[in-house]
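# Structural overview
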Amino acid sequence: MSTEAVYATDMGRIASNFYINVDTMSYFMANLRPTTREEMLLFHLSQAAEFKQLDARKEEYEEMKILVGECRYVDVDKKSYNEAHTKVLCLFEAYLKQRNIKTFSLISDMAYVVQNSARLLRAMFEISLQRNYADLAKVTLRWCQVLDKRLVPDAHVMKQFSADSSVGKLSN
């Protein structure tokens, strides 16, 4: 006997709250493990379906080669600079390093990557909390904070306070 009833799941709620593509959510569900470390977390982030259309354009090749060569925090294949996941990881790191980018399409893509990465990292954090993956929750929360504060992972904590920061200043 079929009731044809529809029931919400916790992962469905997370996907709905963070506007996650069903392909991305199924990828995260299949690949996120309690022992996932930072480099694999960022790799999984770059594999999201939201980024599949971000292949490098011909006018971006030269600057992408430079960005790939400068990557320190993410592990990328130096020869695959024209693939979407490599572009996502390089633009993610370039954003954290506050690197000036000259190509207008790369600037636009960087904004897209950063906006979606923040949303996807928060969803990964919720998934890890839901599944009781404490180590993964700690890693995802750390990367959420790194992205929010735009600090490279090994930067000193006081670097978040810039000279033009209004924190601690009294004004009328």
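Residues numbered from 1 in each chain as written. Predicted model: local features only at pLDDT ≥ 70, side-chain atom pairs only at ≥ 80, totals over all residues. Heavy atoms only, no water.

## Here we look at the overall build of the chain
Regarding its fold elements, the chain presents seven helices and zero strands. The secondary structure elements of the chain, listed N-terminal to C-terminal, are α-α-α-α-α-α-α. Out of the 172 residues belonging to the chain, those deemed buried represent 45%. Here the chain has roughly 10400 Å² of accessible surface; of this, 53% comes from carbon and sulfur atoms. (Helix = DSSP H or I, 4+ residues; strand = E, 2+ residues; numbered from the N terminus. Buried < 20%, exposed > 50% of the residue type's maximum accessible area, 1.4 Å probe, protein only. Areas by Shrake-Rupley, 256 points an atom, 1.4 Å probe, with all protein chains shown as cover.)

## Some thoughts on the packing of aromatic side chains
By the definition in use, this model includes three aromatic pairs. Seen in terms of ring centroids, Phe51 and Tyr112 are 6.2 Å apart; in terms of plane orientation they differ by 85°. Their pairing is edge-to-face. Within this pair, whereas Phe51 is found in the loop between α3 (38-46) and α4 (61-70), its partner Tyr112 is found in helix α6 (residues 104-130), the two being separated by 61 residues in sequence. When its relative accessible area of 1% is taken as the criterion, Phe51 is described as buried. Taking NZ or CZ as reference, Arg150 lies 4.1 Å from the ring centre of Tyr95, over its face. (Phe/Tyr/Trp six-rings, centres within 6.5 Å; stacked < 30°, edge-to-face > 60°. Lys NZ or Arg CZ within 6 Å of the ring centre and 35° of its normal.)

## A short note on the packing of helix α1 (residues 10-17) against α6
Their axes nearest at 10 Å, the elements α1 and α6 cross at an angle of 165°. Looking at the two axes, α1 sits roughly antiparallel to α6. Judged by the twist between their axes, the crossing of α1 over α6 is right-handed. Contacts from Asp10, Met11 and Ile14 of α1 reach α6 at Ala123, Glu126, Ile127 and Gln130. When the residues that make up the contact of α1 with α6 are grouped by side-chain class, the tally is four nonpolar, one polar and two charged. (Axes fitted to C-alpha atoms, helices over the stretch in contact; angles between N-to-C directions. Parallel < 35°, antiparallel > 145°, perpendicular 65-115°, else oblique. Left-handed = near helix turned anticlockwise from the far one by under 90°. Contact = heavy atoms within 4.5 Å. Nonpolar A, V, L, I, M, F, W, Y, C, P; charged D, E, K, R; others polar.)

## Considerations on the confidence of the model for the chain
Confidence in the prediction of the chain, expressed as mean pLDDT, is 86, and 88% of residues score 70 or more. The lowest-confidence element of the chain is α4, averaging 87 in pLDDT; the highest-confidence one is α6, averaging 94. (pLDDT = per-residue confidence, 0-100.)

## Let's talk about a negative patch on the surface
On the surface, a cluster of negative charge is made up of Glu39, Asp55, Asp75, Asp77 and Glu83. Within the fold, Glu39 resides in helix α3. (Patch = residues over 30% accessible without salt bridge, like charges linked within 9 Å, V, L, I, M, F, W, Y side chains within 5 Å. Salt bridge = Lys/Arg side-chain N within 4 Å of Asp/Glu carboxyl O. Lys, Arg positive; Asp, Glu negative; His and termini not counted. Charge placed at Lys NZ, Arg CZ, Asp CG, Glu CD.)

## Let's talk about the packing of α3 against helix α5 (residues 84-96)
Packing of α3 against α5 leaves a shortest axis separation of 8 Å and a crossing angle of 120°. In terms of orientation, α3 lies oblique with respect to α5. For the pair α3 and α5, the crossing hand works out as right-handed. Residue-level inspection shows Leu42, Phe43, Leu45 and Ser46 of α3 in contact with α5, the latter providing His85, Val88, Leu89 and Phe92.

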